[in-house]
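Each chain is listed here by its residues.
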Amino acid sequence: MAATDLHALLRSLRIWPPEATELRPFDPGSAPDAPLPLFTAWFADAVAAGQPEPHTVSLATSDDEGRADVRIVMLHGADAHGWSFASHLTSRKGHQLSARPYAALVFYWPVLGRQVRLRGPVTAAPSAESQADLHARSTGALAAALTGRQSAPLSSLDELRKESEAAWQRARTDPAAPSPTWTLYHLRPEEAEFFQGDPDRRHVRLRYEADGDGGWHRHLLWP
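Thresholds applied
Residues numbered from 1 in each chain as written. Predicted model: local features only at pLDDT ≥ 70, side-chain atom pairs only at ≥ 80, totals over all residues. Heavy atoms only, no water. Core = buried A, V, L, I, M, F, W, Y, C linked by side-chain atoms within 4.5 Å. Buried < 20%, exposed > 50% of the residue type's maximum accessible area, 1.4 Å probe, protein only. Helix = DSSP H or I, 4+ residues; strand = E, 2+ residues; numbered from the N terminus. Contact = heavy atoms within 4.5 Å. Phe/Tyr/Trp six-rings, centres within 6.5 Å; stacked < 30°, edge-to-face > 60°.

A. Just the nonpolar core, in detail. Core analysis: the largest hydrophobic core is formed by 26 residues, its most contacted members being Phe85 and Phe107. Those elements giving two or more residues to this core turn out to be helix H2 (35-48), strand S1 (56-62), strand S4 (82-88), strand S5 (102-109), strand S6 (114-124), strand S7 (182-187), strand S8 (191-196) and strand S9 (204-210). Beyond its immediate sequence surroundings of up to four residues, Phe107 is in contact with Phe39, Pro54, Thr56, Val57, Leu75, Trp83, Arg114, Gln115, Val116 and Leu118. In terms of nonpolar packing, the next biggest core, distinct from the first, is built from 12 residues, Ala125, Ala145, Ala167 and Ala171 among them.

This is the structure we're talking about:
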């Protein structure tokens with residue numbers, strides 16, 4: 001596709017078309033004192049509104065030289081320990097989190113014109129907790145974890161097929177099979193921002209900032 005065609009295509013698109021998006025009023029004055037209850041409510045709203053894959057989230061990390069990286073992962077939970085996701089300790093993001101245990105997450109739910117951004121330190125859960133998380137998931141998730149070597153060079157798709165078939169067989173016959181490098185990570189936010197789109201572009205942005213004593217400061221941001 002020529003560059004001019006791409007530009008024309010971009011100009012033809014709309015953000016939050018009314019037939020597919022409901023931009024709801026958001027009164028930050030009624031928001032809870034901490035971000036987790038608001039996130040839980042917004043997540044439930046996204047599920048109820050039919051947002052595809054609302055549990056997927058962009059994870060941004062950086063390597064030991066400070067170069068940024070980002071990818072989509074799946075949310076495994078959110079509680080007092082933080083917002084949780086998982087990967088192999090030996091994966092690219094695993095290496096990056098070992099070198100720089102700080103990351104950012106962003107959820108985007110376009111059916112409601114909402115974003116949630118989180119930033120803070122990341123800790124790796126103990127092995128027993130990580131394995132329990134893995135074995136609570138599907139057979140396919142276990143097979144993928146047992147295939148292993150995430151982010152390593154792959155010689156061919158045929159090699160992947162053979163390794164995957166063997167992993168699927170093991171996952172079916174031994175649903176408690178361990179994957180030693182599988183790691184559950186917890187991001188404990190120091191900042192959490194909630195963004196609600198507005199049809200007149202008067203978007204509402206509410207930021208929570210941890211005060212260091214277990215509480216939160218809240219303030220609005222210009223859109």
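On we go.
B. The environment of Phe107, seen in detail. Tracing the sequence through the fold places Phe107 in strand S5. Taking the relative accessible area as the measure of exposure, Phe107 reaches 0% and is therefore buried. Along the chain, Phe107 and Ala136 lie 29 residues apart, while their C-alpha atoms are 23 Å from each other.

C. Structural detail: the packing of aromatic side chains. Per the counting criterion, the structure on display carries 12 aromatic pairs. Taken together, a centroid distance of 5.2 Å and an interplanar angle of 70° make the contact between Phe26 and Trp42 edge-to-face. Of this pair, Phe26 sits in the loop between helix H1 (3-11) and H2 while Trp42 sits in helix H2, and the two are 16 residues apart along the sequence. Summarising the burial analysis for this pair, Phe26 and Trp42 share the class buried. Centroid distance Phe39 to Phe43: 6.0 Å. Interplanar angle 25°. Geometry classified as stacked. One end of the pair is Phe39 and the other is Phe43, both in helix H2 and four residues apart, which spans about a single turn.

Function cannot be read off these values alone, since they describe shape.
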